[in-house]
Each structure stands twice: as C-alpha cells, then as structure tokens.
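Chain by chain, the residues:
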Amino acid sequence: MEIIPPVGEEGRLPSLFESLIPVVFMMISLVTGIFIFGTSPHIPLLVSVCVAEMVAMRLGFSWRRVERGMLDAVRLAMQAVVILMVIGTIIASWIAGGIVPTLIYYGLNILEPQYFLVAACAICCIISIAAGNAWTAAGTIGIAIMGIGYGLGMQPEMVAGAVISGVYFGDKISPLSESTNLAPGIVGVDLFEHIQYMLYTTIPALVISLILFTILGFSQASTMTDTSAVTAALQADLKGIFIISPWLLLVPAFIIVMMIFKIPAFPGLMIGSTLGVLCAIFVQGADPSMVLNSLYDGYHIETDNKTLSDLLNNGGITAVLSTVSLVIIAMCFGGILEFTKIFEVIVGHIARIAQKTKSLIISTVFTCITGNIVGCDQYMSIIIPGRMYADEYRKRGIKAKVLSRTLEDAGTMTSPLIPWNTCGAFMTTTLGVASFSYLPYTFLCLLSPLIAIFYACTGWTIETYEDGEKPKKVKRFRMNKRLD
C-alpha cells in the first residue's frame, strides 16, 4: 500500500491569504446560490470543492493526495450516511405499520395546543438522553411529534425548533453521546466532570427555552381557531386507513429500552425498521411487496385530507439521497481543508490575536461555528478547534474543561442550524422543515453559545489553574478516527 506523506513531506503550509481563498469563496458562493438564485447548496459546495482542490495543488500536493484527503473525510461521514438511510426506512415502515399514525392519534388526545411546544421539547430531551443520539431521537419520536403538531395546527418550523432543542439537549449531556465523549477526549477531561461542568450553560439554556416555548405555545393557541373539528377529522381519517391500537406503542417503547441498554444506533434502528415491516404486514394487512418497496421509495397513499397526505407520504431511502449527496460533497470540501491545514492556519492567527481569556473563549465559540459552516460536520467543529486551542488554554492557565464545554456549547449546538452541515441536512430531511425556517425557534441551540460568551465576558464559571496545580496532558484524536 502506498504511503501518502503528511504536510511537510508533500506540499507546504498555506499562508493566511491562501487559507482564506476557499473559505471566502465557499461563503460567497453559498450566499449567492441560496439567497439570490434560489438553488440548493449542492452546486455552490461542489464548485467550492474545485477551488479548494486548486489551492491544495498550488500548495504542492499531488492530485492523489487531494483525492485521498477527500476520501478520508467522506469515510468519516459514512456512519452518518448509513444511519440516515436507515432512518429513511424506519420512517416508511413505521408509517406503513401504523406506529406513527397511532402515536399521532393518541398524541392528539393528550397534548393541548398551548402546552404542545414545551411538552414536545421536554419529551425529546428525555428520549435523547436515553438514546445518547440526536439523530435517533429525531428520527423516531421526532417525526411523530411533527405529525401531532400538524394535527393541532401548529406551525411546522416551531415544532421542528422544539424537537431539535430537545434532542440536542440530550445529545449534549448524555454520557452515551459521541460528541459528549469526543469533546473531553480531545482536551483530556474526565467525561463526568465535563458533563457536570456543561450544566452551567445547558441548564439555563434549557430553562429559558422551555419558558419561551410555553409563551410561544400560548401565543399560538390564542390566535388559532377551534381545532377540535380538524383534530377529530384527522383522527377519523387515521382510523379509516390504519388499525390504531395501543399495542403498537410497544414498538417505540422497545426501541427506547434498547437505547437505555446501549444497543448501538445502527442495529437498534434496523430492529425498529424490521418491527415496522412486521406490523405493516401482520397488523395492518399490507401487501409485503408494497411494504418492502416503501422502504426504498417511501410510503405513499392518496387521501382527500391534505394534512394527512403531507404526514403519510414520507420516508424511504430515496427521500434522503439528496441529503446523502450533500453530505458527501460537504465532507470532500472539509477534508481538503483538514489535510492541507487551512483551517489550522486560520485558527492559529485567531489565537494570536486573542490575548485575553475573554477573547480566547469568544474566539473558540466563533471558530466552532465557523467549523460547522466550513468543515460541514459537527466532528470537524469539535476536533479541529479542540486540537488547535488546547495548548493555548494550558499556557494561559485556563482549565481544560472550559475548552471542552465551549466546544460543545458552540460546536455541537450550532451544527443543526447549518443547511449543508451533516446535522442540518439530516434534520431538514427527517423533520421536513428547512434549516433557515426552524433556526429562529431552536432556542436551546441559539442560547448555548450566547451563554458561553456571557460567561466569558463576566468570568463566571471560568476556572483557572491554582498555583502549583498541574494541567492534565492533552489527548490527541486523529481526524480519520470516529468515536463508536
């Protein structure tokens, strides 16, 4: 096997000007493409990949090295791609099996419009903590909550904001979460010390979010007409199409139990998809070939109820292929920036400018957000800034857990807000709401970095090493390794 030499043996480190070329070009092309020409982010990102390739080759890297860097980054995203496709099958099978319709039917009886948003956020918090994964929670209970929201007449972008706020709360503080393990691992902090320290930012953000969702729910309910007739009609149509039974609720309950017992996401979701297929065939009496085809093409049904049609015509692998292609293109771009050290050079210049503790932490916040925008993946926004800033935090006597918490506050929490980020693309596809539409309502995700900046400015909860206290050694993670 041919060994590709690292930077220094082939290619050279870029200057700041050279580093900014692909980054600035990507931002301009995305803004121009999305907001002026109304195109999807695929083409602007693909052109940006070409520009990044030309910069890499100008730095002295061969095409084979550029290609290897892109493939390494795409390999990093394969877990996300596979889970995304499985989520597509589980959505289709749970609709065909009557599981999602049952969740919607009983949810319409239990949840009132004025309390719906705050309840949706709280439920997603609990499920995501048990799952340790925002994607799993959004792809199961999240789609049911979206359906209930449609039935209650709530605005989809508000419901999506509540779901995302809830699932990312659990993703951030659950000891089962990959990002929650990754951030302290990068800087050498004990996992539970990291989680405990994150509560200083996460709990206030959650409390404020729940208050805002409560206010928003009452505000929406006061402007809505009586939805009881619409709800009753929707429930009647659901019963006319599917067999609605509380026994079907055992399937999501079983999936939650598997999450609690730490069954990995892929086999757990595959079991959930299989149970959905079995329910469709043996409970709903659906034709097996139709059910199996729906796993790929999605579930389709014709009904006079437009709301119901929007809810039920969903899922399948084909529904996520656009997102899969976006993830692959985005990771190619992020991979070039990683192996050429472009992002590292930019961060290095930022660190030299940030002379005070306050400015260093604020710089970390904006670097993580930039990592989500430019690196196009949540892991890029944690690993690269964590690796780059770790030594600087130690030199200035700032405890490593301040850095690990900031990585999560800004890296983890802003990832679903970027349409071309793997997390943003997943949430848009799964929940059926555009990223820029639900962004204003993802209160938890917006508040977390703001609270981190507030603490940096005031000095609250910012811990430094006492005289004689020895900083822990930083543990390095390689970009081509992903946490299982």
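Since we're looking at a predicted model, the values are computed, not measured. (Residues numbered from 1 in each chain as written. Predicted model: local features only at pLDDT ≥ 70, side-chain atom pairs only at ≥ 80, totals over all residues. Heavy atoms only, no water.)

**Concerning the pattern of salt bridges**
How we decide: What counts as a salt bridge is simple: a side-chain nitrogen of Lys or Arg found within 4 Å of a carboxyl oxygen of Asp or Glu. Think of it in three bands: residues with accessible area under 20% of the maximum for their type are buried, residues over 50% are exposed, and the middle band is partly exposed, with areas taken using a 1.4 Å probe on protein chains only. Helix and strand assignments follow DSSP, with helices taken as H or I runs no shorter than four residues and strands as E runs no shorter than two, numbered in order from the N terminus.
Scanning the entire structure with this criterion turns up 8 salt bridges. Here Glu18 ties to Arg12 by a salt bridge, and the two come within 2.9 Å at their closest N and O atoms. The class of Arg12 is partly exposed, set by a relative accessible area of 37%. Measuring nitrogen to oxygen at the nearest pair gives 2.7 Å for the salt bridge that ties Asp72 to Arg75. Of this pair, Asp72 and Arg75 both sit in helix 3 (residues 63–76), 3 residues apart, roughly one helical turn. A residue is classified by how much of its surface remains accessible, and Asp72, at 28% relative accessible area, is partly exposed. The structure contains a network of salt bridges with shared partners spanning Glu193, Lys399, Lys401 and Glu463.

**A short note on the packing of helix 3 against helix 16 (residues 321–339)**
The following threshold applies: Helix axes are fitted to C-alpha atoms over the stretch in contact, other axes to C-alpha atoms as well, and angles between N-to-C directions run from 0 to 180 degrees. In this scheme, roughly parallel covers angles under 35 degrees and roughly antiparallel covers those over 145, while 65 to 115 is roughly perpendicular and the rest are oblique. Each helix crossing is assigned a hand: it is left-handed if the near helix lies turned anticlockwise from the far helix by less than a right angle, otherwise right-handed if that turn is clockwise. Whether two residues are in contact is decided by their heavy atoms: any pair within 4.5 Å suffices. Under this grouping Gly is polar, as are all residues other than the nonpolar Ala, Val, Leu, Ile, Met, Phe, Trp, Tyr, Cys and Pro and the charged Asp, Glu, Lys and Arg.
Viewed as axis vectors pointing N to C, helix 3 and helix 16 meet at an angle of 125°, and their least axial separation amounts to 7 Å. In this view, helix 3 runs oblique relative to helix 16, as classed from their interaxial angle. Of the two elements, helix 3 crosses helix 16, and the hand of that crossing is right-handed. In this structure, helix 3 uses Arg65, Val66, Gly69, Met70, Ala73, Val74 and Leu76 to contact helix 16, whose residues at the interface are Ile328, Met331, Cys332, Gly335, Ile336 and Phe339. For the contact of helix 3 with helix 16, the per-class residue count stands at 10 nonpolar, 2 polar and 1 charged.

**A few points about the packing of aromatic side chains**
Test applied: We call Phe, Tyr and Trp rings a pair once their centres come within 6.5 Å, taking the six-membered ring for Trp, and we label the pair stacked below 30 degrees between planes, edge-to-face above 60, and tilted otherwise. Only lysine NZ and arginine CZ atoms are considered, and such an atom sits over a ring when it is within 6 Å of the ring centre and within 35 degrees of the ring normal.
Taken as a whole and assessed by the stated rule, the structure comprises 11 aromatic pairs. On the numbers, 4.2 Å between centres and 5° between planes, the contact of Trp135 with Phe426 is stacked. Taken together, the residues Trp135 in helix 7 (residues 134–152) and Phe426 in helix 21 (residues 422–431) connect sequence positions 291 residues apart. We classify Trp135 as buried; its relative accessible area is 10%. The exposure class of Phe426 is buried, given its relative accessible area of 0%. Aromatic side chains Tyr389 and Tyr393 sit 6.5 Å apart centroid to centroid with 85° between the ring planes, which places their arrangement in the edge-to-face category. Of the two residues, Tyr389 and Tyr393 are both situated in helix 19 (residues 378–395); the distance of 4 residues between them amounts to about one turn of the helix. Exposure remark for Tyr389: the relative accessible area of 0% places this residue in the buried category. Cluster of aromatic residues (ring-pair linked, three or more members): Phe213, Tyr441 and Phe443. The lysine or arginine in question, Lys401, covers the ring of Tyr197, its NZ or CZ lying 4.8 Å from the ring centre. It is Arg405 that lies over the ring of Tyr197; its NZ or CZ is 4.2 Å from the centre.

**Some points on a nonpolar patch on the surface**
To keep things clear, this is the line we draw: Candidate patch residues must exceed 30% relative accessible area and have no salt bridge, after which like charges are joined if within 9 Å and Val, Leu, Ile, Met, Phe, Trp or Tyr side chains if within 5 Å. Shrake-Rupley sampling with a 1.4 Å probe provides the accessible areas, and residues are treated as covered by the protein chains on show and by no other component.
There is a patch of nonpolar side chains on the surface, built from Leu199, Ile203, Val207, Ile208, Ile211, Leu212 and Ile215 and spanning about 540 Å² of accessible area. With respect to the helices and strands, Ile211 occurs in helix 10 (residues 191–223).

**Some points on the confidence of the model for the chain**
Stated precisely, the cut-off is as follows: A residue's pLDDT is the confidence the predictor assigns to it, expressed on a 0 to 100 scale.
Of all residues in the chain, 90% attain a pLDDT of 70 or more, and the chain-wide mean is 81. In the model, residues 474–484 has pLDDT below 50 throughout and makes 32 contacts with residues more than four positions away in sequence or in other chains.

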